[in-house]
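Tertiary structure, described
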Amino acid sequence: MPSGKPIHLNCNQNRLLKPMLEFARKIFLFLFLMSSLPLLGQDLIWPGDINNNGVADNKDVLYLGATLGLFGPERDSIYDFWEPQNVPSGWAPSFYPYFDFAFADCNGDGFISDEDLNAIIQNYGFEHGIIEEDSFDIFPSTVSQPILFAGEESILLNEGSTMSFPVTLGGTTNVVDEYYGIAFSLNFPPGFVVSAEFEFTDTTWFDAEGDGSLYLSRWDDEGNRLDIVHSKRNQTPALGTWGEIGIVHVVIEDDVPGFAGEIDFMTFDQTYLVNHVLQRQNTITIPLKAQGTTSLEELQKTSLDIYPHPVGAGKNCYILSEQINGQETLKLLDISGREIPVEASFESGRIDLQLPDVPPGVYILSIQSENKSLIHKLSIH
Ligand SMILES: [Ca+2]
Ligand SMILES: [Ca+2]
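Thresholds applied
- Residues numbered from 1 in each chain as written.
- Chains lettered and ligands numbered in written order.
- Predicted model: local features only at pLDDT ≥ 70, side-chain atom pairs only at ≥ 80, totals over all residues.
- Buried ≥ 20, exposed ≤ 12 C-beta atoms within 10 Å, placed from the backbone.
- Helix = DSSP H or I, 4+ residues; strand = E, 2+ residues; numbered from the N terminus.
- Pairing = 2+ DSSP bridges.
- Core = buried A, V, L, I, M, F, W, Y, C linked by C-beta atoms within 7 Å.
- Contact = placed C-beta atoms within 7 Å.

The buried fraction of strand 8 (residues 181-187) is high, at six of seven residues. When strand 8 meets strand 11 (residues 225-231), the two strands line up antiparallel, connected through seven bridges. In the sheet register, S185 faces strand 11, and the bridge partner there is D227. Pairing of strand 8 with strand 14 (residues 262-274), which is carried by six bridges, proceeds in the antiparallel orientation. Looking at strand 14, one finds that N187 is bridged to T267.

So, on to the nonpolar core. Grouped together as the largest cluster of nonpolar side chains are 63 residues, with contacts concentrated most on V61, L62, Y63 and V248. With residues up to four places along the chain from it excluded, the contact list for Y63 reads I50, N51, F95, A104 and L278. Counting residues in each nonpolar core, the second largest holds 15 residues, with L333, I351, I375 and I380 among its members.

As summarised here, the arrangement of the five strands in space is 9-13-6-4-16, forming an open sheet in which the pairing is mixed. The outermost strands of the open sheet, each flanked by one partner alone, are strand 9 (193-200) and strand 16 (284-285). Bridge analysis of strand 4 (residues 147-149) against strand 6 (residues 162-169) gives two bridges, and the strand direction is antiparallel. From the neighbouring strand, F149 faces strand 6, where its bridge partner is T168.

Taken by themselves, the reported measurements are silent on function.
Now the structure itself:
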């Protein structure tokens, strides 16, 4: 039957084809496994992720600063795009806890230099595998704990404006025992900030040799976060020191969602203060709080009355409100949020004020109790 022939032939073809396909499959599997061996058997260098924790970011700059100027074997390919590279053998010694100095040679040219910072910048935030915590060796116990501080503890937000805050590390009684570099992030609440940038202080205490430093700051719009890092470059720490690191410039949204009382406006996060061998020193951080952002017009609607108003500088005035029970505390703030000393006496429904002799202008009265906050504009002439 003519129609049976092709079926018979097909069966023969299958008998031949099956072992051939199986053989080809095994060859393919063998070749695939061979090509994957480096992935399975050893770490690979992702250019920019120097500490190999799964992400390229500001902490990696600390590792670069600690090894700048060192030489070692070149990689097979000199390349700094976000693709895994084999680790060349022969680099020594290694970072804590253990990974090769070859990771700091991000572009693989055999020299750890400023060019390797470009790999961190161009691959910033890129991830591979599972992200692990940045781990540093611990600095031997110290007497002082340096403070990271934004100059003021509390501010009033000026909507639609740029506000600037100097960031200092340490103080006369909180010196940094061994300073080599610092990485930290500034977190802002969602909806408050358009963007932020960091201006590092010129000719700083942390670059006394004047041979330049590694600097990087990076605004993450989605995360409302500013990453910052500075590192010295000469493998020599500054001893017993402190000072200003730089100024953070923050562009405030035109229309910030209203809130009463205080909110953590800027918090320090992921702070890594290290010496020249990447030992980490504990740091105290102080968040910058913001007072309620209710507009000055809305402040007038608060249910309290001031007599007389406006009031003369250095004069007396009193506040009447049914919401006052005499258990409150009162603050007088200038328009930039700075607290002005004022004498106040409280009784139920009334607060008497003896105003200081201050320049004429608009001031803010902030009256706080355990469960409520009254904020009101005070015009002084
Ligand atoms: Ca990293
Ligand atoms: Ca290099």
